[in-house]
Amino acid sequence: MLRWRIISAIVIVAIFASGCWMDVRYPPAGIGGLWLMPIGALVCLLATWEVCRLVFRKITPLHVGMLSVGNLLIFLSAGLPKVLSVFDIDISLTALGWPMLLFSLATCVAFGEQMRTYKMGDRAISRLARSVLVLAYAGLLMSFFVALRHYGSNEIGFLALTSLIIVVKMSDIGAYTVGRICGGRFSGAARLAPILSPKKTLEGSVGGILFGCLGSYLSLVWLGEWVVGSSYVPPAWWAWPLYGILLTIAGMFGDLAESLLKREAGAKDSSRWLPGLGGILDLLDSLLFAAPVAYALWAIGILGA
C-alpha cells in the first residue's frame, strides 16, 4: 500500500509540476491557466462521478452525464473574463459571477429534470437536493481554483493557486505526522471527530496548523519572489501566518465534510482510481473548502497583491 501511495503521489506531482511550469512560463496567448485547464477539467469530471457515487443510492448514466456537463461548465466559466478580455469583449460578470450564473441555470435544469420524470411517491425532492449538492460541491467549489489562477497578473494568479495547494497539503502532512506520533505514544490523544474520522486528533490539528504556517511562509515569501521577480512585495509579517491558519482550518473542515459523505454512503474511499491514495475527492476534499477562503483573503487585499 505504501509503495503504491508513493508511486501515485510521484506521478501526480510530476504531471502537475510540468503543467505549472508550462503554465507560468509559456502561457498561450498570454492567458494563464490554459495548460492546467485540461487537467482541471478531467479532475472535475472524475470528482463529479465520485460525488454522485456517494450521494445517490442508484445512479443512471443520463443523470451523471447531465451533472457532469453542468459542473464542467461551472468550472470552466470562472476563466471566461480573462479569455474575453483578450478579444476586448466586456461583459459585466466577474470570475465568480459566471460560475454563480451557470450554477443557477444548472439548478433550474435539475428542477426541470425532476418535473419531467416525476411520479407520486418518487422522492423527487431528495434527488433534487442531492443533484444540487453535486453541482455545488464538485462544480461551484472547484471554480475557485480557476478564479485563483486568474487572479491579478499571470504570475500572481499562479502564486495564488500554488500557495493554496502548498499550504493545505503541508498541513495535511503535518496533521498526519504529529497525529501518528502523539496517537502512538499517548493513549489519551484527543479525538477531533471520533464518529466521522476516528484517527484525527486535536494534537494532529495543531501540527497541521504549524505545518500550514510553514507552507504559507515558503509559498508567499520564498516562492513569491522566485515566481514574480524582484518587484514582488511579500505580505506583512502577520498576513502569512493568518493565511496558513485559516486555510488549514478550512481544509480540516473540508476533510471532515468528505468523511461525512463517505460515512453516510458506507464507503472507505471515494473511488479506487488512484492506487494507495483512494479517489480524486480524497485528494481534493481539504482544498475544496480552503479555496473560497484563499480567494477571499487575496481579493480583500490582506496579502498585499
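Residues numbered from 1 in each chain as written. Predicted model: local features only at pLDDT ≥ 70, side-chain atom pairs only at ≥ 80, totals over all residues. Heavy atoms only, no water.

Draft legend 1. How the structure looks around a nonpolar patch on the surface. Together, Ile 245, Leu 246, Ile 249, Phe 253 and Phe 289 line one region of the surface with nonpolar side chains, adding up to about 400 Å² of accessible area. Element by element, the count of residues in the nonpolar patch is highest for helix α10 (residues 239-265), at four residues. With respect to the helices, strands and loops of the structure, Phe 289 is situated in helix α11 (residues 280-299). (Patch = residues over 30% accessible without salt bridge, like charges linked within 9 Å, V, L, I, M, F, W, Y side chains within 5 Å. Areas by Shrake-Rupley, 256 points an atom, 1.4 Å probe, with all protein chains shown as cover. Salt bridge = Lys/Arg side-chain N within 4 Å of Asp/Glu carboxyl O. Helix = DSSP H or I, 4+ residues; strand = E, 2+ residues; numbered from the N terminus.)

Draft legend 2. How the structure looks around the nonpolar core. Ranked by internal contacts, the top residues of the largest apolar core, which has 68 residues, are Met 142, Phe 145, Leu 164, Tyr 243, Leu 284 and Trp 298. When residues in this core are grouped by element, the largest group, 11 residues, is from α11. Discounting residues that sit within four places of it in the chain, Phe 145 has contacts with Leu 161, Leu 164, Leu 284, Leu 287, Leu 288 and Ala 291. (Core = buried A, V, L, I, M, F, W, Y, C linked by side-chain atoms within 4.5 Å. Buried < 20%, exposed > 50% of the residue type's maximum accessible area, 1.4 Å probe, protein only. Contact = heavy atoms within 4.5 Å.)

Draft legend 3. Seen up close, the pairing of strand β2 (residues 197-201). Note: strand β1 (residues 191-193) against β2, two bridges, orientation antiparallel. Across the sheet, residue Ala 193 finds its bridge partner in β2, namely Ser 197. Linking β1 back to β2 in an antiparallel pair, the connection comprises three residues. (Pairing = 2+ DSSP bridges.)

Draft legend 4. Highlighting helix α6 (residues 124-140). Compared with an ideal rise of 1.5 Å per residue, which puts 17 residues at 24 Å, α6 spans 22 Å between its outermost C-alpha atoms and is within 8% of the ideal. What α6 keeps buried is the set Ala 124, Leu 128, Ser 131, Val 134, Leu 135, Tyr 137, Ala 138, Gly 139 and Leu 140. Packing partners of the buried residues in α6 comprise α2 (37-55), α3 (61-77), α5 (97-116), α7 (143-149), α10 and α11. (Expected span 1.5 Å × (residues − 1).)

Draft legend 5. Spatial organisation of the environment of Asp 269. Assignment of secondary structure puts Asp 269 in the loop between α10 and α11. Once the C-alpha coordinates of Asp 269 and Ser 8 are considered, the two residues, 261 residues apart in sequence, prove to be 15 Å apart. Filtering out sequence-adjacent residues up to four positions away, Asp 269 remains in contact with Arg 53, Lys 262, Gly 278 and Asp 282.

Draft legend 6. Expanded view of the packing of aromatic side chains. Considering all chains together, one arrives at five aromatic pairs under this definition. Centre to centre, the rings of Phe 144 and Tyr 295 are 6.0 Å apart; their planes meet at 70 degrees, and the pair counts as edge-to-face. Of this pair, Phe 144 sits in helix α7 while Tyr 295 sits in helix α11, and the two are 151 residues apart along the sequence. Here Phe 144 and Tyr 295 have matching classes, each one buried. Ring centres 6.2 Å apart and planes at 80 degrees place the aromatic pair Tyr 151 and Tyr 295 in the edge-to-face group. With Tyr 151 in the loop between α7 and α8 (154-185) and Tyr 295 in helix α11, this residue pair connects regions lying 144 residues apart in the sequence. (Phe/Tyr/Trp six-rings, centres within 6.5 Å; stacked < 30°, edge-to-face > 60°.)

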